[in-house]
Amino acid sequence: MNEDCIFCKIANGIIPSNTLFEDDDFRVIFDLGPATKGHALILPKKHFENIYKIDDDTAAKAFVLAKKMAAAMTKAFDSDGFNIIQNNGECAGQTVFHFHMHLIPRYKDDNAIEFWKAGQADDAELKELVKKVQENL
Ligand code: 5GP
Ligand code: ZN
């Protein structure tokens, strides 16, 4: 646990929260500034700064938990869809540097989240990108 990290304190129960789910590895809480009704966060109890730092076991468990929470929250809130968002790095919108996954129930016509503007794919560039990624796997 990182003493200076707000999500470490919430995940480990040092700061109390409305907890939707808890087990040995995770706590699921509501976001302080919800995008929609029920917007929640999956927090691992261990401190990992981001996706680059999280261990494989916790990463795998986090997505299984996201699936379980999405099903339960969709039923509970009668939502029409669901976004799972996970930001890494300041330029990608990360503001709290303890790995977390956003669980965002969506409601018809809520207009709650603005997505990216579609660019244009270039096949030569894509081939180059494939090469670069494969060199780094
Ligand atoms: P990020 O931008 O890093 O992906 O998401 C951080 C999220 O954490 C934001 O949506 C913000 O509203 C939420 N948040 C920040 N501080 C707190 C807090 O103290 N408690 C809770 N429940 N959520 C927080
Ligand atoms: Zn932390």
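Residues numbered from 1 in each chain as written. Chains lettered and ligands numbered in written order. Predicted model: local features only at pLDDT ≥ 70, side-chain atom pairs only at ≥ 80, totals over all residues. Heavy atoms only, no water.

Engineer: Can you tell me about the layout of surface pockets, naming the residues and giving the values?
Structural biologist: Within this model, the largest pocket holds a volume of roughly 310 Å³. Lining the largest pocket are 19 residues; nearest its centre among them are Phe7, Phe30, Asp31, Leu32 and Leu41. Counting only elements with at least two residues in the lining of the largest pocket, the list comes to α1 (6-11) and β2 (26-30). If one sorts the elements of the lining of the largest pocket by residue count, α1 sits on top with three residues. (1 Å grid on protein atoms, 1.4 Å probe; cavity = no way out; pocket = protein on both sides within 12 Å on 5 of 7 lines; lining within 4 Å. Points joined across faces, edges and corners; volume = space filled by probe spheres on them. Helix = DSSP H or I, 4+ residues; strand = E, 2+ residues; numbered from the N terminus.)

Engineer: Now, about the site of ligand 1: what can you tell me, with residues and values included?
Structural biologist: As a matter of local geometry, ligand 1 sits amid 16 residues, with Phe30, Asp31, Gly93, Thr95 and His102 nearest to it. At 2.8 Å from a nitrogen atom of ligand 1 is found a main-chain nitrogen or oxygen belonging to phenylalanine 30. Against a free-state accessible area of 520 Å², the protein chains account for coverage of 79% of ligand 1. When each cavity is represented as a set of grid points, ligand 1 is found to reside in the largest pocket. Of the residues forming the shell around ligand 1, the biggest block, three residues, is contributed by α1. Looking at the shell around ligand 1, its residues break down into eight nonpolar, seven polar and one charged. (Near = heavy atom within 4 Å. Polar contact = N/O pair within 3.5 Å; in protein donor to acceptor, adjacent residues only side chain to side chain. Areas by Shrake-Rupley, 256 points an atom, 1.4 Å probe, with all protein chains shown as cover. Sits in = over half its atoms within 2 Å of the grid points. Nonpolar A, V, L, I, M, F, W, Y, C, P; charged D, E, K, R; others polar.)

Engineer: If you had to explain the pattern of salt bridges to someone new, which residues and values would you point to?
Structural biologist: Per the counting criterion, the structure on display carries nine salt bridges. Note that glutamate 22 and arginine 27 form a salt bridge whose closest N and O atoms lie 3.2 Å from each other. We classify arginine 27 as buried; its relative accessible area is 9%. Between aspartate 25 and lysine 61 there is a salt bridge, and its shortest N-O distance comes to 3.2 Å. Pair noted here: aspartate 25 is in the loop between β1 (19-22) and β2 and lysine 61 is in helix α2 (residues 56-77), with a separation of 36 residues, a long-range link. Salt bridges sharing partners connect three or more residues here, namely Glu22, Arg27 and Lys45. (Salt bridge = Lys/Arg side-chain N within 4 Å of Asp/Glu carboxyl O. Buried < 20%, exposed > 50% of the residue type's maximum accessible area, 1.4 Å probe, protein only.)

Engineer: Let's hear about the coordination of the zinc ion (ligand 2): which residues, and what values?
Structural biologist: Within the protein, the zinc ion (ligand 2) binds to Cys5 (SG), Cys8 (SG), His47 (ND1) and His98 (ND1); these donor distances fall in the range 2.0 to 2.3 Å. Geometry at the zinc ion (ligand 2) is tetrahedral, judged from its four donor atoms and the angles of 104 to 117 degrees they form at the metal. (Donors = N, O, S within 2.8 Å, 3.2 Å for Na, K, Ca; no water. Tetrahedral: all angles 85-135°; square planar, octahedral: opposite > 155°, others 65-115°.)

Engineer: Lay out the sheet that holds β1 in plain terms, naming residues and giving numbers.
Structural biologist: Sheet architecture is open: five strands sit in the order β1-β2-β3-β5-β4, paired in antiparallel fashion. The sheet terminates laterally at β1 and β4 (81-85), the two strands that pair on one side only. When strand polarity is set aside, the average angle formed by the axes of neighbouring strands in this sheet is 20 degrees. When β4 meets strand β5 (residues 101-106), the two strands line up antiparallel, connected through five bridges. (Pairing = 2+ DSSP bridges. Axes fitted to C-alpha atoms, helices over the stretch in contact; angles between N-to-C directions.)

The quantities given are spatial measurements derived from coordinates; they are silent on function.
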